[in-house]
Every structure is written in C-alpha cells, then in structure tokens.
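Residue-level structural notes
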Amino acid sequence: MFFSLMKKFFYNIFTVLALFKGLFITLSHMFKKKVTLQYPEEKWKTPSGYRGFPRLVPSDKEGRTYRCVSCKLCEAICPSDAIYIEPNTTESKSSFLLDMQRYPKVFDIHMGRCIVCGLCEEACPVEAITLAEEHITTKYSQHVRHKNDLLLPKEHSEQLLRKKRALAL
Ligand code: SF4
Ligand code: SF4
C-alpha cells in the first residue's frame, strides 16, 4: 500500500515537473531573437563540412574542363541509380604517357533520386566528384542536372576539397 502510494506520488511529481519544463522552453523561445529568413533572397548558411548534393570538380585553371576520367565507378556504386555517364575519349596534350584521355560526354545526376549518401565521392579515384554545400532543388527542371550545371566554380571546389582533406586527417 505504502509503496504504491509513493509510486503514484513520484509519478505525479515527475509529470508536473516535465509539464513545467515544457512550458519553460516554450516561454523562453518567445523572448529569443526571431530567425525568419526572407527566402529565396536570404538563405540559411550551412555549417562547415555540410554535405549537400554532388557536384563535379573542374581540372583546369579557368575551371572549364572536368577532372572526371569517366571510369563510371560512381555510377556503379550509386545505390539509388541517380548517375548516368556516357564516356568519350579525346587526345591528351598534357600527358606524354597516354595519347588518349577519357572524359564524360554525358554526365547526369538525378537530384530527385540522390540520397546524399556520399558513396560517389568515396569511390572516385581522382576527387572529381564531391558533395557540395547546396541542398535545395526548388524547380522540377533542376532535378536532372547535366554536366554543365554540375561543374563547381574552380575557387569554390579547391576550398571544399582542402576542407574535406583536413577533416579526413
Ligand atoms: S550521393 Fe549517393 S545517391 Fe547521390 S549520386 Fe552520390 S552515390 Fe548516388
Ligand atoms: S566522377 Fe570519379 S568515379 Fe565518377 S566517373 Fe568520374 S572519375 Fe570515375
């Protein structure tokens, strides 16, 4: 009898305490600074190391050509079948060992399918694809991105890769 009364008493005390804790949290938010953003003009700043949608890394100084050698490893490993690549070859001017160099004739990523798992980035042997900070696709036309839309600006991609290498150490 005594134990059952004590059990009820403590149960009620904890319930009331939890109720007041909840009310306190609600009240405290009423006096905090509001964080409403005027989207799309204002965008939420993603934290450092944020992993958003995959993008392609440029290879030349001007950021116009692709580092990708079209090995199709990312396409093979992608669990949601979001990547489609058609390889092609071109004459290489930079290498004295190889006369031909592979590049992606077509490189598409279906952002509606992508689950941002990062396996493509892990599988790539030449750091040609990386998860960038972008996480929004607001238009249906943005769902399938072609290689021209996937290329990151040179400065941005180098900064991103440096950050990722530092995090991996
Ligand atoms: S992040 Fe994952 S799901 Fe998205 S393209 Fe890369 S491997 Fe596919
Ligand atoms: S992005 Fe990397 S893994 Fe994918 S095809 Fe190009 S080189 Fe291969």
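The structure we're discussing is the one just above.
Residues numbered from 1 in each chain as written. Chains lettered and ligands numbered in written order. Predicted model: local features only at pLDDT ≥ 70, side-chain atom pairs only at ≥ 80, totals over all residues. Heavy atoms only, no water.

**Some words on the overall build of the protein**
Short version of the rule: Secondary structure counts use DSSP, requiring at least four H or I residues in a row for a helix and at least two E residues in a row for a strand, with both numbered from the N terminus. When accessible area is computed with a 1.4 Å probe and restricted to protein chains, residues below 20% of their type maximum are described as buried, those above 50% as exposed, and intermediate ones as partly exposed. Two residues form a contact once any of their heavy atoms are found within 4.5 Å. Values of accessible area rely on a 1.4 Å probe in the Shrake-Rupley scheme; residue burial ignores everything except the protein chains shown.
What the protein contains, in helices and strands, is five helices and five strands. Its helices and strands taken in sequence order, the protein reads α-β-α-β-β-α-β-β-α-α from the N to the C terminus. Here the protein, with 169 residues, has 26% of them falling under the buried criterion. Of all intrachain contacts in the protein linking residues separated by at least 6 positions in sequence, the fraction that spans at least 24 positions is 69%. About 12,600 Å² of surface is accessible on the protein, with carbon and sulfur atoms providing 63% of the total.

**What about helix H5 (residues 154-168)?**
To keep things clear, this is the line we draw: By definition here, a helix of n residues has an expected span of 1.5 Å times n minus one. Our arc is simply the arc of the directions from the helix axis toward the C-beta atoms.
The terminal C-alpha atoms of H5, which comprises 15 residues, lie 21 Å apart, in line with the 21 Å expected from a rise of 1.5 Å per residue. By the burial criterion, the buried members of H5 are Lys154, Ser157, Leu160 and Leu161. The arc that holds the buried residues of H5, viewed along the axis, is 130°, so those residues lie on one side. Structural note: H5 exposes Glu155, Arg162 and Leu167 on the side pointing more than 90 degrees away from its buried face.

**Topic: the nonpolar core**
Our working definition: Among buried residues, the Ala, Val, Leu, Ile, Met, Phe, Trp, Tyr and Cys ones that are joined through side-chain atoms within 4.5 Å form a nonpolar core.
Residues Leu56, Cys74, Ile83, Phe107, Ile109, Ile129 and Leu150 are the most contacted members of the largest nonpolar core, which totals 19 residues. For this core, the elements supplying multiple residues, two or more each, are strand S2 (83-91) and strand S3 (100-110). Contact partners of Cys74, with chain neighbours within four places excluded, come to Ile83, Ile85, Phe107 and Cys120.

**Some thoughts on the site of ligand 2**
The following threshold applies: If a single non-hydrogen atom of a residue is within 4 Å of a molecule or strand, that residue counts as near it. Amino acids are sorted into nonpolar (Ala, Val, Leu, Ile, Met, Phe, Trp, Tyr, Cys and Pro), charged (Asp, Glu, Lys and Arg) and polar (every other residue, Gly among them).
For ligand 2, the set of nearby residues contains 14 residues, the closest of which are Cys68, Cys71, Lys72, Cys74 and Cys124. Here the shell around ligand 2 is built from residues that sort into 12 nonpolar, one polar and one charged.

**Quick look at the site of ligand 1**
As a matter of local geometry, ligand 1 sits amid Pro54, Cys78, Pro79, Ser80, Ile83, Cys114, Ile115, Val116, Cys117, Gly118, Leu119 and Cys120. Classifying every residue of the shell around ligand 1 gives 10 nonpolar, two polar and no charged.

**With respect to the environment of Glu158**
Here Glu158 lies in helix H5. For Glu158 and Pro58, which are 100 residues apart along the polypeptide, the C-alpha to C-alpha distance reads 9.1 Å.

**A short note on the side chain of Arg145**
Put simply, the rule is: Whenever a nitrogen or oxygen atom comes within 3.5 Å of another N or O atom, the pair is scored as a polar contact, on the condition that within protein one atom can donate a hydrogen and the other can accept it, and that pairs from neighbouring residues in sequence are kept only if both atoms are in side chains.
With respect to the element layout, Arg145 can be found in strand S5 (residues 144-145). Side-chain polar atoms of Arg145 contact the side chain of Glu134, separated by 3.0 Å.

**Some details on the pattern of salt bridges**
Here the idea is simple: oppositely charged side chains can pair when their charged atoms come close. The test is simple: A pair is scored as a salt bridge if a Lys or Arg side-chain nitrogen falls within 4 Å of a carboxyl oxygen belonging to Asp or Glu.
Per the counting criterion, the structure on display carries four salt bridges. Linking Arg55 and Glu134 is a salt bridge whose minimum nitrogen-to-oxygen distance equals 3.4 Å. Taken together, the residues Arg55 in strand S1 (residues 54-56) and Glu134 in the loop between strand S4 (129-131) and S5 connect sequence positions 79 residues apart. The exposure class of Arg55 is buried, given its relative accessible area of 14%. Measuring nitrogen to oxygen at the nearest pair gives 3.8 Å for the salt bridge that ties Arg67 to Glu127.

**Brief notes about the side chain of Glu121**
Relative to the elements of secondary structure, Glu121 occurs in helix H3 (residues 119-123). A distance of 3.0 Å separates a polar side-chain atom of Glu121 from the backbone nitrogen of Leu131.

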